Amino acid sequence: MHNQIFENYQENDRSSLIPLLQDIQSIYGYLPENALRDISDFVQVPLSRVYGVATFYNQFRLIPLGENVIRVCRGTACHVKNSANILYALETELGIKAGQTTRDKKFTLEVVNCIGACSIAPVILVNEDYHGRISVKDIPKILKKYQTAKKIEKAEEVV
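Here we summarise the structure given alongside this text.

Calculation notes
Residues numbered from 1 in each chain as written. Predicted model: local features only at pLDDT ≥ 70, side-chain atom pairs only at ≥ 80, totals over all residues. Heavy atoms only, no water. Axes fitted to C-alpha atoms, helices over the stretch in contact; angles between N-to-C directions. Helix = DSSP H or I, 4+ residues; strand = E, 2+ residues; numbered from the N terminus. Parallel < 35°, antiparallel > 145°, perpendicular 65-115°, else oblique. Left-handed = near helix turned anticlockwise from the far one by under 90°. Contact = heavy atoms within 4.5 Å. Pairing = 2+ DSSP bridges. Phe/Tyr/Trp six-rings, centres within 6.5 Å; stacked < 30°, edge-to-face > 60°. Buried < 20%, exposed > 50% of the residue type's maximum accessible area, 1.4 Å probe, protein only. Salt bridge = Lys/Arg side-chain N within 4 Å of Asp/Glu carboxyl O.

## A few points about the packing of helix α2 (residues 33-43) against helix α3 (residues 47-56)
Put simply, α2 and α3 touch, their axes get as near as 9 Å, and they point 120 degrees apart. Between α2 and α3, the interaxial angle falls into the category oblique. Here the hand of the crossing between α2 and α3 comes out right-handed. Facing α2, whose interface residues are L36, R37, I39 and S40, α3 presents L47, V50, Y51 and A54.

Written as structure tokens, this is what we have:
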């Protein structure tokens, strides 16, 4: 699936390593091991170096994201409005820590420095949806919405 990307680059060109990693990640949402091996062969850089670059930059992921990505804002306004408790409630409810994905691959939990919605702090972003002025008691309701959203979409596809 990712082999077509190599057509856009010159073989043995080490300077194309990062753009290749970005293009591969845009396809899969992460960097699968076989793709890292293919990149290593294509640019003639040892796999350990490709892996080193992929793990050095925060933009690259070596594991897939969940169906829903929850970003908890920890910027100044959200910090003042107790976003630490929101994060703790999400970690507790999902049974994961920030930076992890649930076993069923439904949710990935991330912490971000600011998502630019300070006027509705504390705020979380679930996929593309902003949830502002939330409290800990809102967390189960928000999670339930996204747990059932896919089920409804799948049921509509079957009909």
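## With respect to unusual backbone geometry
Cis peptide bonds are those with omega within 30 degrees of zero, and the linkage from A121 to P122 qualifies with -5 degrees. Residue placement: P122 occurs in the loop between β2 (107-112) and β3 (123-126). Although it is not a glycine, N82 adopts a positive phi angle of roughly 75 degrees. Relative to the helices and strands, N82 resides in the loop between α4 (76-80) and α5 (83-94). The phi torsion at R133 lies on the positive side, around 50 degrees, for a residue other than glycine. Within the secondary structure layout, R133 lies in the loop between β4 (129-132) and α6 (139-158).

## A word on the sheet that holds β2
Read from one edge of the open sheet, four strands run β2-β1-β3-β4, paired in mixed fashion. The open sheet terminates on both sides in strands that have one partner only, identified here as β2 and β4. For this sheet, the mean angle separating the axes of adjacent strands, direction not counted, is 20 degrees. In this sheet, β2 lies alongside strand β1 (residues 68-73) in parallel orientation, the contact comprising six bridges. Residue R71 lies in a different strand from β2, and its bridge partner there is E110. On top of the sheet, α5 reaches β1, β2 and β3; it is set at about 155 degrees to β1, its chief contact.

## What to know about the packing of aromatic side chains
Overall, the coordinates contain three aromatic pairs when judged by the stated rule. Ring geometry for F56 versus Y57: centroids 4.9 Å apart, planes at 90 degrees, classification edge-to-face. Judged by relative accessible area, F56 falls into the exposed class, the value being 62%. The rings of F56, Y57 and F60 are connected pair by pair, giving a single aromatic cluster.

## Here's the deal with the side chain of E110
Mapped onto the elements, E110 comes out in strand β2. We classify E110 as buried; its relative accessible area is 13%. Ignoring anything within four residues of it in the chain, the contact list for E110 reads R61, L65, V69, I70, R71, V72 and G99.

## Quick word on the pattern of salt bridges
All told, the structure shown has four salt bridges when counted by the stated rule. In this structure, R61 engages E110 in a salt bridge whose closest nitrogen and oxygen atoms are separated by 2.1 Å. Of this pair, R61 sits in the loop between α3 and β1 while E110 sits in strand β2, placing them 49 residues apart in sequence. A relative accessible area of 26% means that R61 is categorised as partly exposed. Because the salt bridges share partners, they merge into one network encompassing R61, R71 and E110.

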